[in-house]
Every structure is written in structure tokens, then in C-alpha cells.
Amino acid sequence: MKEWIKSFLQNFVKNLKNIIFALIIAIIVWFAISMQIFPDVTTHVSDIPVEVKATEYMTKNALSVTNSYVDKITVQVTGKRYEVGNLTASDFTASADLSAITAPGEYKVKVNVTPVKDNSCTVDDEGLSVKLKVEKTVSKTFSISDGSMKAVAEGITATAGMKIDSVTAEPSTITLTGDSTAIDAVKSVEIRSVFAGETSESVSSKGQIVLLGSNGDIIENPDIKYDNESYTVNITLYKQKTLPLTVQFTNVPSNFDLSSLKYSIYPESLTVSSPDDSLDSQEKFEIGTIDLSQLTTKYLQKLTLPIALPEGYKNISGNTSAMVSFEDAENYTFLSYTVQKENIRIINAPDNFDVDVLTNELSVNVTGPADEIAALASKDIYATIDLMGTTLTAGLKDVTAEFTLRGTKVRSWVTGEYKVSIQVTERAEDTAD
């Protein structure tokens, strides 16, 4: 047995070249016979992408195809075995025939398949079709100004003493384009700040576009196109402080006891914000000035002053006016008195003029506590005409008088504005002898 195996191997090695040559001849003969007996073969090529391109008519009439269609097909190919055997999806193009589409609706359209390169193969695309939906393409603009678009910075908080004053988006509009069904589903747009966290100063953040439906649900639709995809969310911070409200008084006689006017202000305080550090040193907010000479018993009952903030300040509390209420207002009254000429005096008259009072008596109203008013006499009221800073010319003038009452820490005052007539005469210049 061993001798036989040894002999076989020796003969095989000796005839190896002849064996290989015979094998090659056999393959060639088999291939030639196969080509003659089976000249063509049929196979199927799968996953060929379907191109869906709008026609010129569709483009002009704003018609578009939704993505709800079969986007890959399988085609039958017949041809020579050596050609067919190596074909793949990349060797073919498939396109949907949209030439019959003239209006929105659902369609079943033919798919045409052609080889990328010329060959002898036959493509059987009869009966190949796809179902698709055609809708009207529309555009809709959402805007910050009309409330359909909003800038959002929910993840941002301000440090103590600061307040988020405004959150805005830039640009302030966005235009969405797509089929009518998709666009109609969008009810509002939010530009959300990507930045989140605590901040002590104004910041600008990249904005993320979020489309919302009628129930506030997020809409993600790749078929909706944006006219702009780059947005910035600006978060403006203001300093915030609550300040007590105060008032000032003018035309207060030097001997008037201002502390006798007990009053309260409503609201007592106001919360304001400012874009700078000016609030740091502010301890109170003066809402206005009360002219004592105009404060009658009517205004003692109720006095309303408007609240006006400096430019750039924000009124967080929202109060546009404040009411000043005086205590014991019902105990105040007024009476008329006659001021005699001897109680009218002129001060700070220029040296080059002589000034004479022509008014002999002046009727004035005095407001104050009833007990003090009752004890007051005309001789206790003084009128003063201060000519400091007044440009005088010769002639008759009517000038405003200021009033004081006799005593110290008086609680009553003259209300109203009163004129006194004076005669101004220019002095003759002294001449040397």
C-alpha cells in the first residue's frame, strides 16, 4: 500500500503541469458552452434610491412632495451573466415621473429606472411606482412684536440684587417654509438660550429654534425650512432696589414748624431697577415737591403726585402715582386777613433806585390748625418783597410777595400767590460842586 501511494505522488508531481493545463481548458470549455446554452440571465437589484424632483410647473405653483413615500425600489435586470453578476444599486438611477401633477393631493406615479453606464442589459421597470402626497408650499413669518415668537432664558437666574429685565432674540423674526399642513401645525416659535446658570451681568447666548404646536408640544419636522438658523438671545440684567418714598416742601417760611405737618405716603416704597450702579448709593426716592403756598385744605385731604423715574430706570412696582395724606387734616381751616401797608417791606433793593410800596392793604388767605388760625390777627402777617436778582427799570411794577407769620415754630401759612404794586424811581447821580 505504501508503495502504491508513493508511486501515485511521484506520478502526480511529474504530471502537475499537464493537470493544471487540463483544468484551465475545462473551465474555458464550460464557460463557452454555458454562454451558448444560457446566453442571458435575470436578476434583481435592490435599494435603488428614487429621485423625486419637482417639475417646473410645481415650482411655479408652490407644490411640494412630502417625504412620506417609499424612497428605494427593486428592479429586475436581464443580461449577460458577466455583466449582470456585478451590478449594484449604484449602477442605476430611478426617478419618479411627476409630469402629471398639477394640484395638491395623493398620487401614484411611475418610476423610471435607467443604467448609469451603457450596457446590453435590459431593465424591466414596468409597473414600478411610488405613492406620494403633494401639498401646497407656504411661508409664514413669526415675530417677537406680535407675540408669535418669543425669546426664552428659563435656565438663567440673576444673582442677588439683580433682576432679569428683558430677554430678546436677534433677529426678531423667523420665516418658516414648507407644506401647508406642516406650517399650519406650528402655532408659535421659541428661541431658547443655550446658556444656562447664574449670572451677575447681561449676557448674550446662542439661541436654539424650537417650534411649538397648539398644545405646547415640540414639533420636529425636517421638511420645514428656516430663513435663518442663527439666532442670539440677549439677556439684559438691571440692578434692583426697594426705596422708601419721600417728598420735599418749598416756599416754607423760616419760622414755620415743618414737623407739625404729619403725613403718610402710599405706597410707602417703590421697587425700581437701573442699568447702572446709580442705585447703589440711593437710599430713598423723592417723588416730588409740595409748594406750601399752594397747599390748601383741599389738598390736605388728599394730594396725588405723579411718579416719574429717571431715564433708563424701570418701575418694577408699577405704581404711576403716590397719594400724600395729612394727619388731622379735618382740624385745619383757613381764614382771610388784611395785611396793612406797614407790614409790607422791601429788601435788597438796588442802590440806584428808590422803591415805594403803593399797595395800602392786601387780602390773603391763611391755612392752619383751627386753634392757631382763631388766635391770629392781621398785624401778625408780614409780606416781604425781595428784589435780589431782579432787573429794575423806572415805573410801576407788580411783584410777588412772600409771607411770614409772627412767632416761632408757627403751624399756619399763607396760601396763594399775591402781587404788590411798587413804584420804581431811578436816583439822580450826584454831581461834584
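One can find the structure itself at the top, above this paragraph.
Residues numbered from 1 in each chain as written. Predicted model: local features only at pLDDT ≥ 70, side-chain atom pairs only at ≥ 80, totals over all residues. Heavy atoms only, no water.

Draft legend 1. Quick peek at the overall build of the chain. The helix and strand tally for the chain stands at seven helices and 32 strands. Principal axes of the C-alpha set define a box for the chain whose edges measure 170 × 65 × 65 Å. Across the 433 residues of the chain, 33% fall into the buried class. Summarising the internal contacts of the chain: among those between residues at least 6 apart in sequence, 75% fall at separations of at least 24. Of the side chains in the chain, 38 bear a positive and 57 a negative charge, and the two mean positions are spaced by 13 Å. (Helix = DSSP H or I, 4+ residues; strand = E, 2+ residues; numbered from the N terminus. Buried < 20%, exposed > 50% of the residue type's maximum accessible area, 1.4 Å probe, protein only. Contact = heavy atoms within 4.5 Å. Lys, Arg positive; Asp, Glu negative; His and termini not counted. Charge placed at Lys NZ, Arg CZ, Asp CG, Glu CD.)

Draft legend 2. Quick peek at the sheet that holds strand 21 (residues 303–306). Strand order across the open sheet formed by three strands is 18-23-21, with antiparallel pairing between neighbours. Two strands close off the open sheet at either side, each with one partner strand: strand 18 (263–266) and strand 21. Here the average twist between neighbouring strands, direction ignored, is 25°. Two elements, strand 18 and strand 23 (residues 321–326), share four bridges in a ladder whose sense is antiparallel. Residue pairing in the sheet places Tyr263 in a bridge with Phe326 of strand 23. (Pairing = 2+ DSSP bridges. Axes fitted to C-alpha atoms, helices over the stretch in contact; angles between N-to-C directions.)

Draft legend 3. Structural view of the packing of aromatic side chains. According to the stated counting rule, one finds five aromatic pairs in the structure shown. Ring geometry for Tyr332 against Trp413: centres 6.1 Å apart, planes inclined by 50°, an arrangement best described as tilted. One end of the pair, Tyr332, is in strand 24 (residues 332–340); the other, Trp413, is in strand 31 (residues 413–415), with 81 residues separating them in the sequence. On the numbers, 5.6 Å between centres and 85° between planes, the contact of Phe403 with Tyr418 is edge-to-face. One end of the pair, Phe403, is in strand 30 (residues 402–405); the other, Tyr418, is in the loop between strand 31 and strand 32 (419–426), and 15 residues separate them in sequence. We note that Phe403, like Tyr418, is buried. Through pairs of rings, three or more aromatic residues link up here, namely Phe249, Tyr263 and Phe326. (Phe/Tyr/Trp six-rings, centres within 6.5 Å; stacked < 30°, edge-to-face > 60°.)

Draft legend 4. The arrangement of the nonpolar core in detail. Core analysis: the biggest nonpolar cluster contains 52 residues, and Leu261, Leu295, Ile381 and Phe403 have the highest contact counts within it. It is strand 17 (residues 231–250) that contributes the most residues to this core, four residues altogether. If we skip the residues at most four places from it in the chain, Ile381 touches Tyr337, Val339, Asn343, Val364, Val366, Leu376, Phe403, Thr404, Leu405 and Val414. If you look at the next biggest cluster of nonpolar residues, it comprises 26 residues, including Leu63, Ile73, Ala89 and Phe92. (Core = buried A, V, L, I, M, F, W, Y, C linked by side-chain atoms within 4.5 Å.)

By themselves, these observations are geometric and do not establish any function.
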